Amino acid sequence: MAQVQTTTYTLEAFIEDVRNIFKNEIDPHVQAKTVTEHLKVLMAVPGWLEEKLELEAEGGYGRFSLHLDEESGHPGNGWWLMASVQKPGQDNLPHDHGVTWVVYGVYKGSIQQRKWRWAFPGEGVDKAQIVEHGRFIQTDGDAAYFMPGEIHDTLNVEEGRSLVIRLESQKLDRVTRFQYNVETGAMIVMDR
Ligand SMILES: [Fe+2]
């Protein structure tokens, strides 16, 4: 990371760096790890996201596209950088991201990440189901990556809004992926 100037790093420079990572690195794990480190540097620069989204001091909830890149990505082109301005208590159901990897960064606020995995009889459960196997809180400047097939859910645990940045290695509406019912183990294909 020595080559990155931390005080002057910009969204544009980050986009260029991510493009180069996709072009020069074929291992998706190394891609995810490297992009995560770059996103941390970008998130350490104050003010740019509020300015980009023209956010007021409160509210402004929703999802916003920051960059869609048709030149590179994994496993196919079309990586997507987006921001979500989340309400207090905003959550989602456990889901995976298909064949893509994703990076979740918290620019400001705090979200809880829970991870889930399949468990079968003989592995401490009576019936096949997904079980939690860890949780952590991400707060200002934290970024974490999730590998293809990993299952997680998120919850905004901030009393106010959380500003979350997500990078999808290929835009998720282009891949088949699933949502999970914790009680029954039922899976459904997520809407595109
Ligand atoms: Fe996710």
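Up top you'll find the structure we're talking about.
Residues numbered from 1 in each chain as written. Predicted model: local features only at pLDDT ≥ 70, side-chain atom pairs only at ≥ 80, totals over all residues.

### Considerations on the environment of Gly 78
Then comes step 1: Locating Gly 78 in the fold gives a position in the loop between β1 (62–69) and β2 (79–86).
Then comes step 2: Between the C-alpha atom of Gly 78 and that of Leu 172, which follows or precedes it by 94 residues, the distance is 9.4 Å.
Then comes step 3: If near-sequence neighbours (up to four positions away) are discounted, Gly 78 is found in contact with Leu 68, Asp 69, Glu 70, Gly 73, Gln 170, Lys 171 and Arg 174. (Helix = DSSP H or I, 4+ residues; strand = E, 2+ residues; numbered from the N terminus. Contact = placed C-beta atoms within 7 Å.)

### Overview of the nonpolar core
Then comes step 1: The biggest cluster of nonpolar side chains holds 27 residues, and the ones touching the most others in it are Leu 39, Val 103, Val 164 and Leu 167.
Then comes step 2: Those elements that provide at least two residues to this core are α1 (11–24), α2 (28–43), β2, β3 (102–108), β6 (143–146) and β8 (162–168).
Then comes step 3: The residues contacting Leu 39, other than those within four sequence positions of it, are Val 103, Gly 105, Ala 143, Ile 165 and Leu 167. (Core = buried A, V, L, I, M, F, W, Y, C linked by C-beta atoms within 7 Å. Buried ≥ 20, exposed ≤ 12 C-beta atoms within 10 Å, placed from the backbone.)

### Description of the environment of Thr 8
Then comes step 1: In this structure, Thr 8 sits in the segment before α1.
Then comes step 2: A sequence separation of 59 residues divides Thr 8 from His 67, and the C-alpha atoms of the two residues are 19 Å apart.

### Looking at the sheet that holds β3
Then comes step 1: Overall, antiparallel pairing links the 5 strands, which are arranged β1-β2-β8-β3-β6 in an open sheet. The open sheet has two edge strands, β1 and β6, and neither has a second partner. Going across the sheet, the axis of each strand differs from the next one's by a mean of 20°, ignoring polarity.
Then comes step 2: Note: β3 against β8, 6 bridges, orientation antiparallel. By the bridge assignment, Val 103 is partnered in β8 with Leu 167. (Pairing = 2+ DSSP bridges. Axes fitted to C-alpha atoms, helices over the stretch in contact; angles between N-to-C directions.)

### Overview of the packing of α1 against α2
Then comes step 1: Orientation of α1 relative to α2, taken along the N-to-C sense of each, is 170°, at an axis distance of 10 Å. Considered as vectors, α1 and α2 are oriented roughly antiparallel to each other. Of α2, the residues touching α1 (which contributes Leu 11, Phe 14, Asp 17, Val 18, Ile 21 and Phe 22) are Gln 31, Thr 34, Val 35, His 38 and Leu 42.
Then comes step 2: Residue classes in the contact of α1 with α2 are distributed as 7 nonpolar, 3 polar and 1 charged. (Parallel < 35°, antiparallel > 145°, perpendicular 65-115°, else oblique. Nonpolar A, V, L, I, M, F, W, Y, C, P; charged D, E, K, R; others polar.)

### Quick notes on the pairing of β2
Then comes step 1: Most of β2 is tucked away, with 7 of its 8 residues classed as buried.
Then comes step 2: For β1 and β2, the ladder comprises 7 bridges, and the chain directions are antiparallel. Bridged to His 67 within β2 is Leu 81.
Then comes step 3: Relative to β8, β2 runs antiparallel, the two sharing 7 bridges. Residue Leu 81 lies in a different strand from β8, and its bridge partner there is Leu 167.

### Side note on α2
Then comes step 1: If you check α2, its first and last C-alpha atoms are 22 Å apart, about what 16 residues at 1.5 Å a residue would give, namely 22 Å.
Then comes step 2: What α2 keeps buried is the set Gln 31, Ala 32, Thr 34, Val 35, His 38, Leu 39, Leu 42 and Met 43. (Expected span 1.5 Å × (residues − 1).)

### Focus on the sheet that holds strand β5 (residues 129–139)
Then comes step 1: The strand order across the open sheet formed by 3 strands is β5-β4-β7, and the pairing between neighbours is antiparallel. What marks the edges here is a single partner per strand, and that holds for β5 and β7 (151–156). In this sheet, adjacent strand axes meet at a mean angle of 25° when their direction is disregarded.

### Re α1
Then comes step 1: The first and last C-alpha atoms of α1 sit 20 Å apart over 14 residues, in line with the 20 Å expected at 1.5 Å per residue.
Then comes step 2: Among all positions in α1, only Phe 14, Val 18 and Phe 22 are buried. Projected down its long axis, α1 shows its buried positions confined to an angular sector of 75°, all on one face. Exposed positions of α1 whose direction lies more than 90 degrees from the buried face are Glu 12, Glu 16, Asn 20, Lys 23 and Asn 24.
Then comes step 3: As for α1, its buried residues are in contact with α2 and β2. (Arc of directions from axis to C-beta.)

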